Amino acid sequence: MLLVESGTMQARITEDSSPKAKRYFYYSREDLDRDLARMHDDKTDTKSVVTSFEVKTLNEGDVVFSLTSNTAAIVQKERDGYILTQNFVRLKPDSGDLDPGYLVYLLNEDSKVRKQIMSEAGISVNRINVSLLERLKLPPLPSIKRQKLIGDLYFSVKKRRYLQERKADLEQFALLQVLKEANMNDQVKK
């Protein structure tokens, strides 16, 4: 039901300055989190490499799955062309009857699918192997229209959660800055 493509081993990618060399950015866990929340404007310091080595790159709309966090997302336009590394796999439904957003929902939230993933990952080892994803049994699929609706709602919830966490982080940072300044002012007065 799923075609699984492994990423490029990062250790094999060598930096070079040949005329054919091109700059690529590595897809990271932070990128996955932003893609899961469908964040378009959030910038981070992403590692890059200039190489002529043939690498596997991501395309907007690809479903990626992290082998270390067991989390899936859909690649957004801002990360089109990023390197798919060995910590991730690209998943492609082998037919048109599975919506990518619904697939991400199933991989991240469906209890039966998660049970399959977590039983393979085990308690002490978080990294799952590619063959599990190839053997993964998905539940019976609703209509494609219903899948799209569920996928869209799921991503709306994930985006809202991401923004709430981001707001809380910014509020905490601002409060800590105020406390820091108040503490410095107290020390200067003494």
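Note on numbering: residues in each chain are counted from 1, in written sequence order. Local features are withheld for residues below a pLDDT of 70 in this predicted model, meaning they are given only at 70 or higher, and side-chain atom pairs are given and counted only at 80 or more; totals for whole chains, interfaces and linings count all residues. Hydrogens and waters are ignored; side-chain quantities use all the structure's heavy atoms.

A. Structural view of unusual backbone geometry. Backbone geometry at N70 places phi at a positive 55°, although glycine is not the residue there. If you trace the backbone, N70 turns up in the loop between β4 (63-66) and β5 (72-74). Per-residue accessibility, obtained with a 1.4 Å probe over protein chains only, is compared with the maximum for each type, and a residue is labelled buried under 20%, exposed over 50%, and partly exposed between these values. By relative accessible area, which is 4% here, N70 ends up buried. Per the convention used, a helix needs a DSSP run of H or I reaching at least four residues, while a strand needs a run of E reaching at least two, with both numbered from the N terminus.

B. Looking closely at the nonpolar core. Note on terminology: a nonpolar core comprises buried Ala, Val, Leu, Ile, Met, Phe, Trp, Tyr and Cys residues joined through side-chain atoms within 4.5 Å. By size, the foremost hydrophobic cluster in this structure holds 35 residues, and its most contacted members are F65, L91, L107 and L133. Per element, the largest residue contribution to this core is five residues, and it comes from helix α2 (residues 100-109). Once residues lying within four places of it in the same chain are set aside, the contact partners of F65 are N70, T71, A72, N87, F88, V89, L91, L107, I117, I128 and L133. Residues I13, Y26, V55 and I83 belong to the second largest nonpolar core, which totals six residues. Residue contacts follow a heavy-atom distance rule, with two residues in contact if any of their heavy atoms lie within 4.5 Å.

C. Just the pattern of salt bridges, in detail. The salt bridge definition used is simple: a Lys or Arg side-chain nitrogen within 4 Å of an Asp or Glu carboxyl oxygen. A full pass over the atoms with the stated rule returns eight salt bridges. Taking the shortest distance from any N to any O, the salt bridge between R29 and D33 comes out at 3.1 Å. Of this pair, R29 and D33 both sit in helix α1 (residues 29-36), four residues apart, which is roughly one turn of the helix. Exposure remark for R29: the relative accessible area of 37% places this residue in the partly exposed category.

D. Up close: the layout of surface pockets. Only protein atoms enter the 1 Å grid, on which a cavity is a set of points fitting a 1.4 Å probe that cannot get out and a pocket is an open set with protein on both sides within 12 Å along at least 5 of 7 lines, lining residues being those with an atom within 4 Å of a point. Grid points are joined across faces, edges and corners, and a volume is the space filled by probe spheres set on the points. In this model, the largest pocket occupies a volume close to 240 Å³. Lining of the largest pocket is provided by D33, L36, A37, K158, R161, Y162, E165, R166, D169 and L170. Contributions of two or more residues to the lining of the largest pocket are made by α1 and α5 (144-189). Top element by residues in the lining of the largest pocket is α5. It accounts for seven residues.

E. Geometry of the sheet that holds β5. At least two DSSP bridges between two strands are required for those strands to pair. Strand order in this open sheet of four strands is β1-β6-β4-β5, and the pairing throughout is antiparallel. Of all strands in the sheet, those bounded by a partner on one side alone are β1 (2-6) and β5. When strand polarity is set aside, the average angle formed by the axes of neighbouring strands in this sheet is 30°. Note that β1 and strand β6 (residues 88-93) share five bridges and pair antiparallel. Each bridged residue has a counterpart across the sheet, and for V4 the counterpart in β6 is L91. Only C-alpha atoms enter the line fits that serve as axes; for helices the fit covers just the stretch in contact. Angles between N-to-C directions range over 0 to 180 degrees. Against the sheet, α2 contacts β1, β4, β5 and β6, and its axis sits at roughly 165° relative to β5.

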